[in-house]
Amino acid sequence: SPCHYSIYRASLCVYRTHRRMRARPSHAGQRVGAVRFGSTTGQNVSQPITKLPLRRLQWRSGLIFLTASIPPPLSAAVYSLLTLDGENGMPNMNIMTYVSPVAHAPERWYAVSLLRGTLSRDNFMAANGGVLQVLSERHADVVNVLGKQSGRDVDKLALLDQAGCGTTVVNERWPVLSKAIGCMEVEAVSYHSCGDHDVALCRMIWYKELGGPDLKVLTSGDLRALGILPPGAPSATEP
């Protein structure tokens, strides 16, 4: 059919471009470009392809993505997102490193990345917000409790009690982790679809400092050093 022939021609073009660029200097970490196939007319609509060496061809939803090498894993602060079930009020927590401050005046804004299919995402989006807890190094032992299993299957607060990690109620509503550096309530203003995550652009409503001066922020680099994250793994969001 014309559509199949169009896909064949575009794939052949990409292959030939790949062969021509293999000998060129490396610019690791840059996105190269994309080729989109017309689904109804059979015509190809292509964006200009930067002249970079191609490392990998990816096919997703009618697109061939041409990508270069990915950047190395970075060390980021580890958070736990506290959310409440809208039906029964049951609290749930997870482990997050895909959290970034994006503005500080006149209000503080954060980008919060929510993994699809998780209870934390569903609770957060239903309530349009939640509480971010900045974890300290003393929480390294409960990362697997909070991040490696779903709150749909277990009561994480009960597991925290069993692990000797208690909670403190803040603002008469939120049971935050004891020994956390601090916590903040955030309210989502907009959502953006990003692959397997939904990114919420949030404004901070309030922040409360919890930990003392002897506490240090837990980072994803610490988790790699402890073997909780594989050495080469990027920071990640867990259920």
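Criteria and cut-off values
- Residues numbered from 1 in each chain as written.
- Predicted model: local features only at pLDDT ≥ 70, side-chain atom pairs only at ≥ 80, totals over all residues.
- Heavy atoms only, no water.
- Salt bridge = Lys/Arg side-chain N within 4 Å of Asp/Glu carboxyl O.
- Helix = DSSP H or I, 4+ residues; strand = E, 2+ residues; numbered from the N terminus.
- Buried < 20%, exposed > 50% of the residue type's maximum accessible area, 1.4 Å probe, protein only.
- Pairing = 2+ DSSP bridges.
- Axes fitted to C-alpha atoms, helices over the stretch in contact; angles between N-to-C directions.
- Contact = heavy atoms within 4.5 Å.

A. Focus on the pattern of salt bridges. Inspection of every chain in the model, using the stated rule, returns seven salt bridges. In this structure, the salt-bridge partner of Asp 198 is Arg 116, at a minimum N-O distance of 3.0 Å. With Asp 198 in strand S13 (residues 197-209) and Arg 116 in the loop between strand S8 (109-115) and helix H2 (119-127), this residue pair connects regions lying 82 residues apart in the sequence. Look at Arg 116 and you get partly exposed, because its relative accessible area is 35%. A salt bridge links Asp 214 to Arg 138; the shortest N-O distance between them is 3.1 Å.

B. Here's a closer look at unusual backbone geometry. Residue Ala 105 is joined to Pro 106 through a cis peptide bond whose omega torsion reads -5 degrees. Its location among the elements puts Pro 106 in the loop between strand S7 (99-103) and S8. The backbone of Asn 128 shows a phi angle near 65 degrees, a positive value even though the residue is not glycine. Residue placement: Asn 128 occurs in the loop between H2 and strand S9 (129-134). When its relative accessible area of 30% is taken as the criterion, Asn 128 is described as partly exposed. Even without a glycine there, the phi angle at Lys 179 is positive, about 70 degrees. Relative to the elements of secondary structure, Lys 179 occurs in the loop between strand S11 (174-177) and strand S12 (182-194). Under the relative-accessibility criterion, Lys 179 is labelled partly exposed at 48%.

C. Fine view of the pairing of strand S5 (residues 79-84). Summarising burial for S5: six of the six residues are buried, a large majority. Residues Tyr 79, Leu 81 and Thr 83 point to one face of S5 and Ser 80, Leu 82 and Leu 84 to the other, with burial holding for every one of them. Pairing between S5 and S9: four bridges, direction antiparallel. Among the inter-strand pairings, Leu 81 is bridged to a residue of S9, identified as Leu 132. Of the pairings in the sheet, the one linking S5 to strand S6 (residues 91-93) comprises three bridges and is antiparallel in character.

D. Spotlight on the sheet that holds S5. Taking strand neighbours across the sheet as the criterion, the seven strands line up as S6-S5-S9-S12-S13-S8-S7 in an open arrangement whose pairing is antiparallel. Of all strands in the sheet, those bounded by a partner on one side alone are S6 and S7. Strand-to-strand, the axes of this sheet are offset by a mean angle of 35 degrees, without reference to chain direction. Strands in contact with H2 are S5, S6, S8, S9, S12 and S13; relative to S5, the strand with the most contacts, it is inclined by about 60 degrees.

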